[in-house]
Each structure stands twice: as C-alpha cells, then as structure tokens.
Amino acid sequence: MTEIQDSPHGTETILVVDDNRAAVSAIRRTLEFHGYTVVEAHSPAEALERLRTGSPEADLVVTDMIMPGMSGIALSEALRGVRPSLPILLVSGYSDQEVPHELLARARTAFLRKPFSIRELAERVRALLDE
C-alpha cells in the first residue's frame, strides 16, 4: 500500500475514454485515489462532445487505442483539433510499435501498455500534466 500512497498525486480533471466499463472503473478508482477528478466517456464521440462543450474542462485525456467507431489514435487527432496542447495518454494491450512514432514524438503524448501498475499510471499521468 505504501507504493500506492507514495506515487504522484494531483487535483486536475482527467477524461477517461474506453468502451470497456470495467477498464474505465479501474482507472477511475486509481486516479480518484490519487486526488484527480475523473470524467468518463464510453465512446470517442462522447469524449469529443465532452471536450467541445468543456463540461467539465479536462486537463488530460486517457484513452484506449482500440474502440468501436474510432481508434484512440484517430480520437487523439480529433481531440487535438479542438485543444492542440491537450495532454493525451494512449493505453493498449498492444505494444507501442502499434502507435505511429510521429504521434508519440509530439509533446504531451505518451503510451502505456496494459496491464500497467497503479504506480505506472500515476507517474505517467503526472509527468504528462507537468510537461
């Protein structure tokens, strides 16, 4: 438990996008434990709508890469069309080789391979927010 308590915390608002409700719930619990406010979106369309309306204003997006209707990569491009400097954390069970290198080379973009530890998620989120 000390490892979890010693990992980075924050107060920002994070939009979590995944069509798998169990995955969203697990990420939500982890981030809320670390002090963040979490807003859920269960589809790319819902995430875009939330970002466009600014309700609430997200400081970072955590998105799965594989979702029906739109990939996490396409979603990240669309989100950046709305807010160019928005930090985005792509998560997937696939390797980072599946993520275009030009996307990962952009500022405020990172990849985290599933399964990941609570500490890995907390550290990656904090690093993106502080970048």
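Each remark here, short or long, concerns the structure printed above.
A few points on the structure. A quick note: this is a predicted structure, and the numbers were derived from the prediction, not measured.

## Quick notes on the packing of helix α3 (residues 44-53) against helix α4 (residues 72-82)
Relative orientation and spacing of two packed helices are given, respectively, by the angle between their axes and the distance between those axes. In the contact formed by α3 and α4, the axes pass within 10 Å of each other and the chain directions differ by 15 degrees. The orientation of α3 relative to α4 falls into the category roughly parallel. Along this stretch, α3 crosses α4, giving a crossing that reads as right-handed. Counted together, P44, A47, L48, L51 and R52 of α3 and L75, A78, L79 and V82 of α4 form the full contact between these two elements. Tallied by class, the residues present in the contact of α3 with α4 amount to eight nonpolar, no polar and one charged.

## Topic: the sheet that holds strand β5 (residues 109-113)
Taken in spatial order, the five strands make up an open sheet running β2-β1-β3-β4-β5, and their pairing is parallel. In the strand order of this sheet, the two ends are held by β2 (37-41) and β5, each with one partner. If you compare each strand with its neighbour and ignore which way they point, the axes differ by 20 degrees on average. In this structure, strand β1 (residues 13-17) lies alongside strand β3 (residues 60-64), joined through four bridges in parallel fashion. Within β3, the residue paired with V16 across the bridge is V62. Packed onto the sheet, helix α2 (residues 21-33) meets β1, β2 and β3 and runs at close to 165 degrees relative to β2. Strand contacts of α4: β1, β3, β4 (88-92) and β5, with the helix running at about 170 degrees to β4, the strand carrying the most contacts.

## A word on the pairing of β1
Of all the five residues making up β1, five are buried; the element is thus mostly covered by neighbouring parts of the structure. Across the two faces of β1 the burial is the same, with T13, L15 and V17 and I14 and V16 all buried. As paired strands, β1 and β2 are joined by five bridges and run parallel to one another. Across the sheet, residue I14 finds its bridge partner in β2, namely V38. Considered for its hand, the β-α-β crossover made up of β1, α2 and β2 is right-handed.

## A word on the pattern of salt bridges
Enumeration according to the criterion identifies nine salt bridges in this entry. Between R28 and E40 there is a salt bridge whose closest N-O contact spans 2.6 Å. Pair noted here: R28 is in helix α2 and E40 is in strand β2, with a separation of 12 residues, a long-range link. Note on E40: relative accessible area 22%, which makes it partly exposed. Put simply, D130 and R126 hold a salt bridge, and the shortest N to O gap is 2.8 Å. With D130 and R126 both in helix α6 (residues 118-130) and four residues apart, this pair spans about one turn of that helix. When its relative accessible area of 53% is taken as the criterion, D130 is described as exposed. Given a relative accessible area of 13%, R126 falls into the buried group. What you see here is one network of salt bridges that share partners, running through E12, R126 and D130.

Procedures and definitions
Residues numbered from 1 in each chain as written. Predicted model: local features only at pLDDT ≥ 70, side-chain atom pairs only at ≥ 80, totals over all residues. Heavy atoms only, no water. Axes fitted to C-alpha atoms, helices over the stretch in contact; angles between N-to-C directions. Helix = DSSP H or I, 4+ residues; strand = E, 2+ residues; numbered from the N terminus. Parallel < 35°, antiparallel > 145°, perpendicular 65-115°, else oblique. Left-handed = near helix turned anticlockwise from the far one by under 90°. Contact = heavy atoms within 4.5 Å. Nonpolar A, V, L, I, M, F, W, Y, C, P; charged D, E, K, R; others polar. Pairing = 2+ DSSP bridges. Buried < 20%, exposed > 50% of the residue type's maximum accessible area, 1.4 Å probe, protein only. Right-handed = clockwise from strand over helix to strand, strands pointing away. Salt bridge = Lys/Arg side-chain N within 4 Å of Asp/Glu carboxyl O.

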